Amino acid sequence: MAENKKVLVSDPVSKEGIKLIEEVAEVDVKTNLSPEELVKIIGSYDALLVRSGTRVTAEVIEYGRKLKVIGRAGVGVDNIDVEKATEKGIMVVNAPEANTISAAEHAIALMLALARSIPPASLSLKKGEWERKKFMGVELHKKVLGIIGLGRIGSEVAKRARSFGMEVLGYDPYISSERMEKLGVIPTSLENIYAKADFISLHTPKTSSTEYLIGAPQLKMMKDGLRIVNCARGGLIDEEALYHAIVEGKVAGAALDVFEQEPPGDNKLLQLEQVIATPHLGASTEEAQKNVAVQVADQIVHVLRGEPVHMAVNVPVLPPEVLAEVEPFIPLMRTMGSFYMQVYNGRVEKIEVTYSGEIAEYPVTPLTTALIIGFLRVMLNSNVNFVNAPLIARQRGIKVNETTSKSASIFNNLITVEVTTSEQTFTLAGTLFEGSDIRIVQIGDYRIEVIPSRYMLVSTYIDRPGVIGKVGTLLGNREINIASMQVGRKQVGGEAIMVLQVDNPMPPEVVKEVEALDDILSTCFVEI
């Protein structure tokens, strides 16, 4: 266990989650902490794990001087000031996938209960009644289900609905038709779902564009006898309009796990026998609660180990299979950013990054962020990471542009960085050999093949016999060992560049001695 890492758990989580974190850090469990209590103790912790019961305010984050990550054991992060965390370079992670199966199964359970009137039939029987005709139901088989939102949960609902023999229509502006078709879902419009569906199941977040997604105008478009299931978010349905549609017989029934106001209080919908309701139970299974804790604990462990995560709220995230392709380029990008700033320096105004070859087929924003981190860590000598690097760059007036091209010259992948300062423009380019072997293949106007190391001496010089030998002799006399060397030149006898990989840091006075040698034009020491 790393003695220098401490994690505060401020809400109850499963023992499996705690055990996972204990592999890398000391864990303190102190439940039901108020923001005022958190402020007093948070300064000594590297990570904070909470559920919905703890409010992580801007003040708490300000006092969390060592915080690297805040974990929310759940989906929503409304109780965390994400903007303040981003400003302070603190990653916020959650567990959006842990309750997927539980929520999907709950939606299917409500759909079945709605189709067969199970709750009112059970209640009737418990009252001593035997009214079989009153509770005549419908089959799901051969019915049309319209799913609005084909993300994780909606996709799982689609799979289960198809096993019942339902025809599944789907609408999601962010999911490709090809993806829907692989799920056995027919891509269509909202209007077509409203017109054709026997059942509608909602699985979309609540935003300004989805509020009252189903209101009076939409209900009028729907097939008579429709049944609606909502296990997503309250506010997607205009509850007043739904009430009238059920009373008037337009809608046969609704199954609701979420409401505009929770608890719903004296909601008229709850008075209707055609409405089945549960108190936001989508994620309320033993398995989901365990998975939530384990999933967010795993993300915290990754952050504390300095490893990439794929469930961060305030940084771009990639699916694991995409991350596997992009991740090897991250060290290259950080190296190029750091190398550039140490060799050229200057007031950076604009950074243009061109991705060529196979890498252009993948999301490259995380790579651009890694490049910015390399730049800013040299500029600021402070905590810059994937969370706050883009924000800091914007605050410093640095414009960053990305372009991609699937064609590359002699390399399978080539990343070219063009940097404009207040004085001039410089170019740096790099690639990977054999999967993860970093190469810098262009420095300014020089074509070269640099194998970056932790310590490097970069010198420009006049290409004459004996110049490189003088540098080697000087370093040898100062007991500085040269591990390897690469050179590049524009033409014979003209200006050239040499990059020496050395085993140890080089004292500033030795760098000055090198620069003072005849035919040496410039020299700088680089530490990656």
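How each quantity is defined
- Residues numbered from 1 in each chain as written.
- Predicted model: local features only at pLDDT ≥ 70, side-chain atom pairs only at ≥ 80, totals over all residues.
- Heavy atoms only, no water.
- Helix = DSSP H or I, 4+ residues; strand = E, 2+ residues; numbered from the N terminus.
- Rg over C-alpha atoms; globule rule 2.2 N^0.38 Å.
- Buried < 20%, exposed > 50% of the residue type's maximum accessible area, 1.4 Å probe, protein only.
- Contact = heavy atoms within 4.5 Å.
- Lys, Arg positive; Asp, Glu negative; His and termini not counted.
- Charge placed at Lys NZ, Arg CZ, Asp CG, Glu CD.
- Axes fitted to C-alpha atoms, helices over the stretch in contact; angles between N-to-C directions.
- Parallel < 35°, antiparallel > 145°, perpendicular 65-115°, else oblique.
- Left-handed = near helix turned anticlockwise from the far one by under 90°.
- Nonpolar A, V, L, I, M, F, W, Y, C, P; charged D, E, K, R; others polar.
- Core = buried A, V, L, I, M, F, W, Y, C linked by side-chain atoms within 4.5 Å.
- Pairing = 2+ DSSP bridges.
- Right-handed = clockwise from strand over helix to strand, strands pointing away.
- Expected span 1.5 Å × (residues − 1).
- Salt bridge = Lys/Arg side-chain N within 4 Å of Asp/Glu carboxyl O.

Enquirer: Tell me about the overall build of the protein, and please be specific about residues and values.
Expert: Along the backbone of the protein there are 18 helices and 22 strands. Taken over the C-alpha trace, the protein has a radius of gyration of 30 Å; the compact-globule value for 528 residues is 24 Å, which it surpasses by more than 25%. Overall size of the protein, expressed as C-alpha extent along the three principal axes, is 105 × 50 × 35 Å. Counting only residues that meet the buried cut, the protein has 50% of its 528 residues in that class. If you take every contact in the protein between residues at least 6 apart in sequence, the share linking residues at least 24 apart comes to 62%. Averaging the locations of the 55 positively and 67 negatively charged side chains of the protein gives two centres separated by 3 Å.

Enquirer: Can you lay out the packing of helix α17 (residues 467-477) against helix α18 (residues 508-515) for me, pointing to particular residues and giving the numbers?
Expert: Two elements in contact, α17 and α18, have axes whose closest approach is 10 Å; the angle formed by their N-to-C orientations is 155°. Regarding the angle of α17 to α18, the classification is roughly antiparallel. When you trace α17 past α18, the crossing you get is right-handed. For the pair formed by α17 and α18, the contact residues are Val471, Leu474 and Leu475 on the first element and Val510, Glu513 and Val514 on the second. Tallied by class, residues from the contact of α17 with α18 come to five nonpolar, no polar and one charged.

Enquirer: Describe in detail the nonpolar core, supporting the description with residues and values.
Expert: Residues Met333, Met336, Ile351 and Ile443 are the most contacted members of the largest nonpolar core, which totals 46 residues. Beyond its immediate stretch of four places on either side in the chain, Met333 contacts Val353, Tyr355, Leu367, Ala370, Leu371 and Ile415. Residues Leu169, Ala245, Leu269 and Leu272 belong to the second largest nonpolar core, which totals 30 residues.

Enquirer: Pulling in residues and values, what's your account of the pairing of strand β21 (residues 495-502)?
Expert: Where burial is concerned, most of β21 is hidden: seven out of the eight residues are buried. Sheet analysis places strand β19 (residues 455-462) next to β21, joined by eight bridges and oriented antiparallel. The residue of β21 that forms the bridge with Tyr455 is Val502. By the bridge criterion, seven bridges tie strand β20 (residues 482-489) to β21 in an arrangement that is antiparallel. For Ile482, the partnering residue across the bridge sits in β21 and is Val502. Taking the residues between adjacent antiparallel strands as the criterion, β20 and β21 are bridged by five residues, where Gly493 takes a positive phi near 80°.

Enquirer: Summarise the pairing of strand β3 (residues 47-50); cite the residues concerned and give the values.
Expert: Two faces make up the sheet, and in a regular strand the side chains alternate between them. The alternating pattern of β3 places Ala47 and Leu49 on one face and Leu48 and Val50 on the opposite face, and all of these are buried. Inspection of the sheet shows strand β1 (residues 6-9) paired to β3 by three bridges, in the parallel sense. For Val9, the partnering residue across the bridge sits in β3 and is Leu49. Relative to strand β4 (residues 69-72), β3 is paired through four bridges, and the arrangement is parallel. By the bridge assignment, Ala47 is partnered in β4 with Val69. With helix α3 (residues 58-63) bridging β3 and its parallel neighbour β4, the resulting β-α-β unit is right-handed.

Enquirer: Go over the environment of Pro452, please, and point to the residues and values.
Expert: One can find Pro452 in the loop between β18 (446-450) and β19. For the pair Pro452 and Ile440, spaced 12 residues apart in sequence, the C-alpha separation works out to 7.3 Å. Residues in contact with Pro452, not counting those within four places in the same chain, are Thr335, Ile438, Arg439 and Ile440.

Enquirer: Talk me through helix α12 (residues 286-304); I want residue IDs and the actual numbers.
Expert: For α12, built from 19 residues, the straight-helix expectation of 27 Å at 1.5 Å per residue is met to within 8% by its first-to-last C-alpha distance of 27 Å. Count one or two residues on from α12 and you reach Gly306, which has phi positive near 75°.

Enquirer: With reference to specific residues and values, describe the pattern of salt bridges.
Expert: All chains considered together, the criterion is met by 18 salt bridges. The residue Lys134 makes a salt bridge to Glu273 at a minimum N-O spacing of 3.6 Å. One end of the pair, Lys134, is in the loop between α6 (118-126) and β6 (144-148); the other, Glu273, is in the loop between β11 (251-256) and β12 (275-277), with 139 residues separating them in the sequence. Judged by its relative accessible area of 45%, Lys134 is partly exposed. Ionic contacts of the salt-bridge type, sharing partners, join the residues Glu62, Lys84, Glu87 and Lys88 into one network.

Distances and angles like these do not, on their own, reveal function.
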